[in-house]
Amino acid sequence: MKNLEKVIEDLGYEMAGRMKVYFCPPANPVSTGLRRLASEEECRHMYHHVITRHHSLEVYIDHDESVRGFDWDDVVLFPVVDLPPVISPKKLQKQKVGAELGEGSNQGGNEGNVGTGNNEGNLSSGNNGEYEGHGDDEHGFISDDEKAQSMVDDFDIDEIRHRVEGSDNDDEIVDSDYNLSDGDDDLVDDHIEELDMKNQKGKEPEEESEDEYLDLPDSDEDEVRHKFKIFRQDDMHDPTFHVGQIFQSPEMLRKAIREYSCKNRVDISMPTNDRKRIAAKCVEGCTWYIWASADSRTKALMIKRHCSKHTCKRVWNVRGFTSTFLAEKYIEHFRADENMNMKNFAWIVQKDWNMTPSRPKLYRARRKAMKVIYGDELGQNNLLWDYANEVRRSNPGSTFYISLDNEERFKKCYFSFGACKRGFLEGCRPVICLDGCHIKMKFGGQLLCAVGMDPNDCIYPVAFAIVEVEDTEAWRWFLRTVKQDLGIENTYPWTIMSDKQKGLIKAVTELFPDSEHRLCVRHMWQNFNTTYKGEVLKNQLWKIARSTRIVDWEERMEEMRVINKDAADWLGELAPNTWVRAFQSDTSKCDILLNNNCEVFNKYILEARELAIMSMIDRIKGQISTRIYSKNEEALKCTSSICPKIQKKLDINIELSNECYVKAHGDEVFSVESNGTMYVVKLSVKSCSCRRWALTGIPCSHVIACLRHERKSPIDMVHHCYSVQAFQRAYAHKIMPCRDKKEWQKMNGCQILPPLYIKKVGRPTRNRKKQPEEVAATQGGTRITRHGLVIHCRHCGLPGHNRGGCADLKAGLPAYEPPANEQGRNRRKTHVPHQKTNSTQEEPVITQDANDHDPIQSVYQHTMLDAILAERHVPKVPTTAHGPMPENSFLVAARQAQASAKPSTSTIAADLALQAEAMRIAKKKLFESNESRFQSHEQQAAEILAKRNAATAHKAALAQAKKDAVAAQKAEQAHAKKEIAQAKRAQKAEAKKLARAAETEVRKK
């Protein structure tokens, strides 16, 4: 059967559709003996006749149901030499012109022409209008290829179209296969296009597959079955157009035309552009054009007319080369590299298209691409309801609150993931670092974050909030929600680390009244540096902050007072328990002085802060999830019992212990001499007089020296909050991913409008303003800038101006000459009054109405906090009961051996018992008098803080009294002025009254 189909296709027909093949057995009439060949069994039956006794067979091909539809004509029953005129466009071939333009049937091998009669109705290649061909096997239908090619090249397209379509006067052109009224003109257009494509020299034909064609449905067997080539999406990278090409939608054709225009750098416009018709043309004077319209047979858009030749020149600026086009082309580039700068983007575009778009166009393309990747800011607001429900569904225990104002505009949002809360409470110390950072999207806002510290001294994100402004009300709402979300009832063991943000100190005081609130020393130094500059003052400030003993703090404060008394007074106004280690609690096992945890986290989510709100939250969620997974893998690879960073700190202390010299005193009590200072170490209660072990939980160099003396391992004395088991508990819980947006449950929440947008002048800033010491140098590293530097005039020596702006020089005054004992440049000493600042006074803030939620109380267990508090029940000193010195054992034995006798004058004075009793009483009084000298560090710190608070309160009371006195004095002065003004007004009124009376008397006279 396959061989038969191949023979039929070689003849120019196709077996698919209505094409039928019949076989007439020998000695049977055609009218009654035809058998259809439709299966392998029938083909084997025909083959049986060939191999038995017959050498030739008769096979008939019917493609118009002629066998069943009408009677057979004489051409079939009685073959004749001259065939009637027959033309069948279905049989056109590229290389067999005779098959393309007509079919001649020749039974006897005689010559046959395509038609007879007048020359107007026949396809002619000579002067007589006659095209001859041979049908026998010896000569073939066309035996000379060059002749066929020349005949094809000489064809006139218009003449072929005219002869195929026919005319009303030509009756001799008969189509025995199809009816011309069925729409053969489109088929001829397709065939003419094939002839045009054949004339293109040097271009190899593309391979065609069956899926490139569109088969029209067979509504009637008498209609023609067409095959048209479809423009596929794969052809979009290098589009080519031809007549009869099918496009599934007008958008695809427009996109292909724009791609063609940019690829070939020709400026193409579409004057007619709607859903059913599209006309595209090149610039004026160019012959290139396309006309496409809807086709009723294909139910799609088809190119009906097209001229592919350009007579114009290529241009460097194409109107179709827009930012939207670039965004569609390079969206995957931005998805892979979100931080691609405009310079690299311009290079890529120029390399691909040989055009250089403007920089604003590149910015718009990038913005549109990022909008497609992450979504629109306005559209993502309304997805927050569904996203919040999906987060709570996929991660049980997660919290997600959204607050709107009265106009249904976005106001604030709080979110925290269940895995972070569980890990923080089970494996991290009770330390919470607070900070806020700017959101760099269109509508702005602030991102508040609460970050903890994991057992490896790394960041551990806990909770987040998005607010409009950073003020007291926003911090109060955030801290209240965090407190309820974590189930914090007793705030005493917790430690809060923060900067001096607007309203933060007041909110912490209200919601965490018993917690220790530490302030970042680096930000405190920035405020200190505005008035007191210099590297010496900076180093002395850090020495004071690192003091772990009260005596060291007092000593270093005196050194600061010697260097600069005003600077020491400025530091004395600050509460020492907020920035000095000597006054900080050892409950949290953390001695940090900086708020670096929040700073690191803000840099960690820097890219996420530039996205829309939902994309930002999802990016933060993804980053935390990846971090938890990587940290969990890191914990599995740990070989030591403590975390890696803690091991490094312990190794440093081990190296420093070689300068410590130990003396044992029994009961695990040692005295250690290091750098001329004596320290007392008590291993039984895990304390050292330097307090570093108690503050951090990591043995200091003095403790390690004692452990070396006792041949013990320092790792065993490290607090269990730094163990690998605690590290694994902190990252044991995973953050699960969310489903696709299409699968989210619809919450049908109210519409969320964005905050009011206030356009600011200039380009939005994305990078924060760096400090002078953070500016990068051109040679690498960092350099100090001249920001804040006070210049002095070389002429007069006064600050604030240089020699060019000196008024004394312009006035002709002589230059300033410094005294003989003054060295350096010519500078006059100027008195700058010291402005004392109150640490408790805050800047004015912008408050907003509260729209608070009542979060559900947390049910998590504070595993790490309970373990730390359980260890605090161990007494800090041995529980030995102290009393008066005991008696000498020899005297006690001698007294008991003496015989009892009556007391006499000599015996009473020499009675040893009475002397011993007097000695015990004296020693007891001496012990009671000296007991106050051996107070604990906590009592000393409490007394110092109490004295400072009392002094601060007294100072505040004096300031308030002075303020009240000044206000009263001003009030009295104002009242006196008011009375004087009233008296003057009364005098003026009385004078006016008397003047009127006198004037009246004069008039009467």
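Basis of the calculations
Residues numbered from 1 in each chain as written. Predicted model: local features only at pLDDT ≥ 70, side-chain atom pairs only at ≥ 80, totals over all residues. Heavy atoms only, no water. Axes fitted to C-alpha atoms, helices over the stretch in contact; angles between N-to-C directions. Helix = DSSP H or I, 4+ residues; strand = E, 2+ residues; numbered from the N terminus. Parallel < 35°, antiparallel > 145°, perpendicular 65-115°, else oblique. Left-handed = near helix turned anticlockwise from the far one by under 90°. Contact = heavy atoms within 4.5 Å. Nonpolar A, V, L, I, M, F, W, Y, C, P; charged D, E, K, R; others polar. Pairing = 2+ DSSP bridges. Salt bridge = Lys/Arg side-chain N within 4 Å of Asp/Glu carboxyl O. Buried < 20%, exposed > 50% of the residue type's maximum accessible area, 1.4 Å probe, protein only. Phe/Tyr/Trp six-rings, centres within 6.5 Å; stacked < 30°, edge-to-face > 60°. Patch = residues over 30% accessible without salt bridge, like charges linked within 9 Å, V, L, I, M, F, W, Y side chains within 5 Å. Areas by Shrake-Rupley, 256 points an atom, 1.4 Å probe, with all protein chains shown as cover. Lys, Arg positive; Asp, Glu negative; His and termini not counted. Charge placed at Lys NZ, Arg CZ, Asp CG, Glu CD. pLDDT = per-residue confidence, 0-100.

Colleague: Hey, could you run me through the packing of helix H21 (residues 535–545) against helix H22 (residues 550–563) in this one?
Modeller: Helices that pack against each other are described as a pair by the angle of their axes relative to one another and the distance between those axes. Viewed as axis vectors pointing N to C, H21 and H22 meet at an angle of 165°, and their least axial separation amounts to 9 Å. Here H21 is positioned roughly antiparallel relative to H22, judged by the angle of their axes. Helix-helix and strand crossings are classified by hand; for H21 and H22 the assignment is left-handed. Contacts from Val536, Leu537, Gln540, Leu541, Lys543 and Ile544 of H21 reach H22 at Trp553, Arg556, Met557, Glu559, Met560 and Ile563. Residue composition of the contact of H21 with H22, grouped by class: eight nonpolar, one polar and three charged.

Colleague: Is there a simple way to explain the sheet that holds strand E3 (residues 58–62) in this structure?
Modeller: Each strand in a sheet pairs with another by means of backbone hydrogen bonds, the pair being arranged parallel or else antiparallel. Across the sheet, which stays open at both edges, the three strands sit in the order E2-E1-E3 with antiparallel pairing between neighbours. Strands at the two margins of the open sheet, each flanked by one partner only, are strand E2 (35–36) and E3. Judged from the five bridges that link them, strand E1 (residues 20–24) and E3 form a sheet pairing that is antiparallel. Looking across to E3, one finds that Val21 is bridged to Ile61.

Colleague: Explanation requested: the pattern of salt bridges in the structure shown.
Modeller: Between side chains of opposite charge, a pair can form when the charged atoms approach closely. Counted under the stated rule, the structure contains 28 salt bridges. Across the pair Glu510 and Arg476 runs a salt bridge, and its minimum N-O distance is 2.8 Å. On the criterion of sequence distance, the pair formed by Glu510 in helix H19 (residues 504–511) and Arg476 in helix H18 (residues 472–485) is long-range, its members being 34 residues apart. In this structure, Arg561 and Glu558 form a salt bridge, with 4.0 Å as the shortest nitrogen-oxygen distance. Of the two residues, Arg561 and Glu558 both sit in helix H22, three residues apart, roughly one turn of that helix. When its relative accessible area of 32% is taken as the criterion, Arg561 is described as partly exposed. Exposure remark for Glu558: the relative accessible area of 47% places this residue in the partly exposed category. The structure contains a network of salt bridges with shared partners spanning Glu558, Arg561, Lys565 and Asp569.

Colleague: Mind showing me how you'd approach the pairing of E1 here?
Modeller: If a strand is regular, its side chains alternate between the two faces of the sheet. With five of its five residues buried, E1 lies for the most part within the structure. The alternating pattern of E1 places Lys20, Tyr22 and Cys24 and Val21 and Phe23 on opposite faces, both of which are buried. As paired strands, E1 and E2 are joined by two bridges and run antiparallel to one another. Looking at E2, one finds that Phe23 is bridged to Arg35.

Colleague: What exactly am I supposed to notice about the packing of aromatic side chains here?
Modeller: Centre distance and the angle of the planes are the two values used to describe a pair of aromatic rings. Per the stated rule, a full pass over the model turns up 27 aromatic pairs. Note on Phe415 and Phe464: the rings are 5.2 Å apart at their centroids and 25° apart in plane angle, and the pair reads as stacked. Linking Phe415 in strand E14 (residues 410–416) with Phe464 in strand E17 (residues 459–467), this pair joins segments that are 49 residues apart in sequence. Residue classification places Phe464 among the buried positions, given a relative accessible area of 0%. Between Phe464 and Phe601, the ring centres sit 5.4 Å apart and the planes meet at 20°, which makes this aromatic pair stacked.

Colleague: I would appreciate a short explanation of the pairing of strand E21 (residues 669–674) in the present structure.
Modeller: Among the six residues of E21, five are classified as buried, and the element is accordingly described as predominantly covered. Where strand E20 (residues 660–664) and E21 come together, five bridges link them in antiparallel fashion. Opposite Val662, over in E21, you have Val672 as the bridge partner. Counting the residues that bridge the hairpin from E20 to E21 gives four residues, and of these Gly666 lies at a positive phi of roughly 90°. Judged from the six bridges that link them, E21 and strand E22 (residues 677–682) form a sheet pairing that is antiparallel. Counterpart to Ser674 in the pairing with E22 is Thr677. Linking two consecutive strands that pair antiparallel, namely E21 and E22, is a turn of two residues; a positive phi of about 55° is found at Asn675 within it.

Colleague: How should I be thinking about H21 in this particular structure?
Modeller: In an α-helix there are 3.6 residues to a turn, and that puts residues three or four apart on one side. Restricting attention to buried positions, one finds in H21 the residues Leu537, Gln540, Leu541, Trp542, Ile544 and Ala545. The inward-facing, buried residues of H21 contact helix H20 (521–529), H22 and helix H23 (565–572).

Colleague: Could you clarify how one ought to interpret the sheet that holds E20 in this entry?
Modeller: In space, the four strands of this open sheet follow the order E20-E21-E22-E23, with antiparallel pairing throughout. In the strand order of this sheet, the two ends are held by E20 and strand E23 (687–688), each with one partner. Packed onto the sheet, helix H28 (residues 701–710) meets E20, E21, E22 and E23 and runs at close to 55° relative to E20.

Colleague: It is not clear to me how unusual backbone geometry should be interpreted in this structure. Could you clarify?
Modeller: Glycine aside, residues mostly have negative phi angles, and peptide bonds mostly take the trans form. A positive phi angle, close to 60°, is found at Asp457, a residue other than glycine. Along the chain, the position of Asp457 falls in the loop between strand E16 (446–453) and E17. You will see that Asp667, though not glycine, has its phi angle at about 55°, which is positive. Position of Asp667 among the secondary structure elements: in the loop between E20 and E21. The exposure class assigned to Asp667 is exposed, which follows from its relative accessible area of 71%.

Colleague: I keep staring at a negative patch on the surface and nothing clicks. Help me out?
Modeller: Where like charges cluster on the molecular surface, the negative patch consists of Glu5, Glu9, Asp10 and Glu40. No other element matches helix H1 (residues 2–10), which puts three residues into the negative patch. Looking at the secondary structure, you find Glu5 in helix H1. For Glu5, a relative accessible area of 30% gives the class partly exposed.

Colleague: Can you walk me through the confidence of the model for the chain in this structure?
Modeller: Any segment with low pLDDT has predicted coordinates that should not be analysed in fine detail. Put simply, the chain has an average pLDDT of 75, and 68% of its residues get 70 or more. Contacts of residues 829–858 to residues separated by more than four positions or lying in other chains number 57 contacts, the stretch itself having pLDDT below 50. Note on residues 873–882: pLDDT is under 50 here. Beyond four places in sequence and across chains, it has eight contacts.

Colleague: Would you mind going over the environment of Pro396 with me for this structure?
Modeller: As for its placement among the helices and strands, Pro396 is situated in the loop between helix H16 (384–394) and strand E13 (399–404). Measuring from C-alpha to C-alpha, the distance between Pro396 and Gly418 comes to 6.3 Å, with 22 residues separating the pair along the chain. Residues in contact with Pro396, not counting those within four places in the same chain, are Gly418 and Arg422.

Colleague: It is not clear to me how the packing of H18 against H19 should be interpreted in this structure. Could you clarify?
Modeller: Across the interface, H18 lies against H19 with an axial gap of 8 Å and an inter-helix angle of 35°. Where H18 crosses over H19, the handedness of that crossing is right-handed. In this structure, H18 contributes Thr472, Trp475, Arg476, Leu479, Arg480 and Lys483 to the contact, and H19 contributes Leu504, Lys506, Ala507, Val508, Glu510 and Leu511. Tallied by class, the residues present in the contact of H18 with H19 amount to six nonpolar, one polar and five charged.

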